Amino acid sequence: MTDTPPDCFSPPKPLMTEADALTALKSTLRPVEEHETRPLHEAAGLYLSQPIRAPRAVPAHDNAAVDGYAVHSSIFNKPPPYRLPVVGTAWAGKPLETSVGPAEAARIFTGAVMPSGTDCVLMQEHVSAQNNLIEFSVNGREGLNRRLAGEDTGLNEAVLERGDRLGAAALATVASLGIGEVSVYRPLRVAVLSTGDELAEPGMAYRPGTVYDSNRPLLRALLSTYPVALTDLGSAADTRSEVERLLETAARTHDLLITSGGASTGEGDHVTSAVQSAGELHLWRLAIKPGKPIGFGQIGACTVVCLPGNPVAAFTGFVLFIRPMLSRLGGGPWTVPRVWRVKAGFDLKAKKPGRCDYLRGSLISDETGTHVIKFPKDGSALLSSLRHSDGLIRLPEDCTALSAGEMVDFIPYTELGVPV
Ligand code: AMP
Ligand code: MG
């Protein structure tokens, strides 16, 4: 039997990469099971739990795209000018019941059903009308200014799938089909907790040595675009028993717990050990910067994410990990932000290999094209770096240096769908 060397002599274990952590989370997280039926005005941002098929075509009838006069295109077989009697009016919502003859016209307004016997609409600007007679010289053709039945959505068309998010366009589409309520996954119950003896509440008088808690406002703002029922647990002192008690209690009534601070390995850091004793810590510490101490675990049925305390690390932890987790847990797809390839407008002499680094970057466009420059300081405590940047520059594990002009990965904040 060979002797196992004591731990302190083992080569340091490489940290898990961001991609491996995302793969593990993607394969283990499951959406909440409960569904509910909601009227459309209470469903914005939620995820459909049942697909939607079109019970009717939209538009339901051929109709006019402009205000004008409906005629049959056969009149254009003869040369202009054209002179036709107006035999009736087709209003939006009030169709013309009678048929229009081949040498006749009907007054028509946008959205009105095309009267039978007509197949095109002349814009009123091109027609002179007097005493129920119109005259014009412009040419028309079949289908001119006519919207076809079913051109937006066909009868029985599969319009939305389970897991689709009900944004403005999706909700409007459901409404256009005449459907008034939808079946959705219930909103996630999410709780946010800050930890740290040094934390003070904004608005309170300053006490020397304290740090105002900016992570809860940060996280609450980031969560505001998600359909979640949010609980603010305030901030906890750096004591194992307090953190554990708060986490255990909150885990019973929430789907997701987000903590910040105390996730590292110092004597004052108790969050990951509290998760470990109240439940399980599945992943901890990743090969990323900022944000190495991030941890993922579970207490009962509640998923727990332990974010580092530095505000920029809490931010990147949220957008890189919690963002897809919220979608998946809430019933939506696993989301992957679109990454742009942009020319670097800066040099980087050295970067540690084996680690994925995120820098804050701003896009500059000039006559040579678009390039990204980095915020001059990299500190993960600097909220100013988030305020004065357009997105995250990603330097992957195998990058060791960078020269201006090379292409880099860039994730604009707009691609992350969160207010920054
Ligand atoms: P920690 O992750 O607890 O080691 O904290 C790292 C750094 O982040 C420390 O400088 C903390 O003071 C700071 N920090 C932790 N939590 C917060 C918070 N909620 N708001 C602002 N800064 C924080
Ligand atoms: Mg701390």
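Below is a short write-up of the structure. In every chain, residue numbers begin from 1 and rise along the written sequence. Going through the entries in the order they are written, you letter the chains from A and number the ligands from 1. Local features in this predicted model are restricted to residues whose pLDDT is 70 or higher, and side-chain atom pairs enter the listing and the counts only when it is 80 or higher, whereas totals over whole chains, interfaces and linings include all residues. Hydrogens and water are ignored here; the side-chain numbers use all heavy atoms of the structure.

Remarks on the sheet that holds strand E13 (residues 188-195)
Ordered in space as E16-E13-E17-E21-E20-E18, the 6 strands form an open sheet in which the pairing is mixed. For this open sheet the edge positions go to strand E16 (228-236) and strand E18 (280-284), each flanked by a neighbour on one side alone. The mean angle between the axes of side-by-side strands here comes to 20°, regardless of whether they run parallel or antiparallel. Criterion used throughout: strands pair if DSSP finds at least two bridges between them. Each helix corresponds to a stretch of at least 4 residues labelled H or I by DSSP, and each strand to a stretch of at least 2 residues labelled E; elements are numbered beginning at the N terminus. Strand direction decides the pairing type here: strand E20 (residues 295-299) and strand E21 (residues 302-307), joined by 5 bridges, are antiparallel. In the strand pairing of E21, Gln298 is matched with Thr303. Helix axes are fitted to C-alpha atoms over the stretch in contact, other axes to C-alpha atoms as well, and angles between N-to-C directions run from 0 to 180 degrees.

Here's the deal with the packing of helix H4 (residues 240-251) against helix H5 (residues 271-278)
Across the interface, H4 lies against H5 with an axial gap of 9 Å and an inter-helix angle of 55°. Classified by the angle their axes make, H4 and H5 are oblique. Where H4 crosses over H5, the two elements pack in a sense that is right-handed. Residues Arg240, Val243, Glu244, Leu247 and Glu248 of H4 pack against Val271, Ser273, Ala274, Val275, Ser277 and Ala278 of H5. Any residue outside Ala, Val, Leu, Ile, Met, Phe, Trp, Tyr, Cys, Pro, Asp, Glu, Lys and Arg is labelled polar, Gly included; the first ten of those are nonpolar and the last four are charged. Looking at the contact of H4 with H5 residue by residue, the class counts come to 6 nonpolar, 2 polar and 3 charged. Each angle is binned into one of four classes, with values under 35 degrees roughly parallel, values over 145 roughly antiparallel, values of 65 to 115 roughly perpendicular, and all other values oblique. Crossing handedness: left-handed means the near helix sits turned counterclockwise from the far one by under a right angle, and right-handed means the same turn made clockwise. Should any heavy atoms of two residues lie within 4.5 Å, those residues are considered in contact.

Some remarks on the site of ligand 1
Near ligand 1, the surroundings consist of 15 residues, among which Glu198, Asp213, Ser214, Gly262 and Gly309 are the closest. When ligand 1 sits alone it has 480 Å² of accessible area, and the protein chains cover 76% of it. For the shell around ligand 1, a count of residues per class yields 4 nonpolar, 8 polar and 3 charged. A single heavy atom is enough: if one lies within 4 Å of a molecule or strand, its residue is considered near that molecule or strand. Only the protein chains shown count as cover for residues, and the accessible areas themselves come from Shrake-Rupley with a 1.4 Å probe.

Re a nonpolar patch on the surface
A patch consists of residues exposed above 30% relative accessible area that lack any salt bridge, with like charges linked at up to 9 Å and nonpolar side chains (Val, Leu, Ile, Met, Phe, Trp, Tyr) linked at up to 5 Å. We define a salt bridge as a side-chain nitrogen of Lys or Arg found within 4 Å of a carboxyl oxygen belonging to Asp or Glu. Together, Met204, Tyr206 and Tyr212 make up an exposed nonpolar region whose accessible area comes to about 340 Å². Take Met204: it is sitting in the loop between strand E14 (199-200) and strand E15 (211-212).

Digging into the packing of aromatic side chains
Stacked, edge-to-face and tilted labels apply to pairs of Phe, Tyr and Trp rings (six-membered ring for Trp) whose centres lie within 6.5 Å, assigned for plane angles under 30 degrees, over 60, and everything in between, in that order. As enumerated under the stated definition, the model contains 7 aromatic pairs in all. Relative to Tyr82, the ring of Phe76 lies with its centre 5.3 Å away and its plane at 85°, an arrangement referred to as edge-to-face. Relative accessible area decides the class of each residue, using a 1.4 Å probe on protein chains only: under 20% of the type maximum gives buried, over 50% gives exposed, and in between gives partly exposed. The exposure class of Phe76 is buried, given its relative accessible area of 12%. Seen from their ring centres, Tyr206 and Tyr212 are 6.1 Å apart, and the 55° between their planes marks the pair as tilted.

Considering the layout of surface pockets
Lining residues are those with an atom within 4 Å of a point, where the points come from a 1 Å grid over the protein atoms alone and group into cavities, where a 1.4 Å probe fits but cannot get out, or pockets, open sets with protein on both sides within 12 Å along at least five of seven lines. Grid points are joined across faces, edges and corners, and a volume is the space filled by probe spheres set on the points. Approximately 550 Å³ is the volume attributed to the largest pocket. Taken together, 25 residues make up the lining of the largest pocket; nearest its centre are Leu29, Arg30, Ala301, Thr303 and Leu329. Contributions of two or more residues to the lining of the largest pocket are made by helix H1 (18-28), E18, E20 and E21. Its residues assigned to classes, the lining of the largest pocket shows 11 nonpolar, 7 polar and 7 charged. Of the pockets and cavities examined, the second largest pocket occupies roughly 340 Å³. Lining the second largest pocket are 25 residues, and of these Glu198, Gly261, Pro308, Gly309 and Asn310 sit closest to its centre.

Notes on helix H6 (residues 311-329)
Bend at a given residue is defined as the angle between two axes, one fitted to the seven residues that end at that position and one fitted to the seven that begin there. The largest bend in H6 amounts to roughly 40° and is located at Ile322, with the proline Pro324 lying one to four residues further along. Gly331, located one to two residues past H6, shows a positive phi value of around 110°.

Quick word on the environment of Gly163
Tracing the backbone shows Gly163 in the loop between strand E11 (158-160) and helix H2 (168-176). Along the chain, Gly163 and Pro95 lie 68 residues apart, while their C-alpha atoms are 39 Å from each other.

Regarding the nonpolar core
Of all hydrophobic cores here, the largest spans 45 residues; its most connected members are Phe296, Phe318, Phe321 and Leu326. Broken down by secondary-structure element, the contributors of at least two residues to this core are H1, E13, helix H3 (215-223), strand E17 (256-260), E21, H6, strand E23 (356-366) and helix H8 (413-416). The element contributing the most residues to this core is H6, with 11 residues. Leu326 has contacts with Leu188, Val190, Leu223, Tyr226, Val228, Leu256 and Phe318, leaving out every residue within four places of it along the chain. Note on terminology: a nonpolar core comprises buried Ala, Val, Leu, Ile, Met, Phe, Trp, Tyr and Cys residues joined through side-chain atoms within 4.5 Å. One finds Leu193, Ala236, Val271 and Val304 within the second-largest nonpolar core, a separate group that totals 19 residues.

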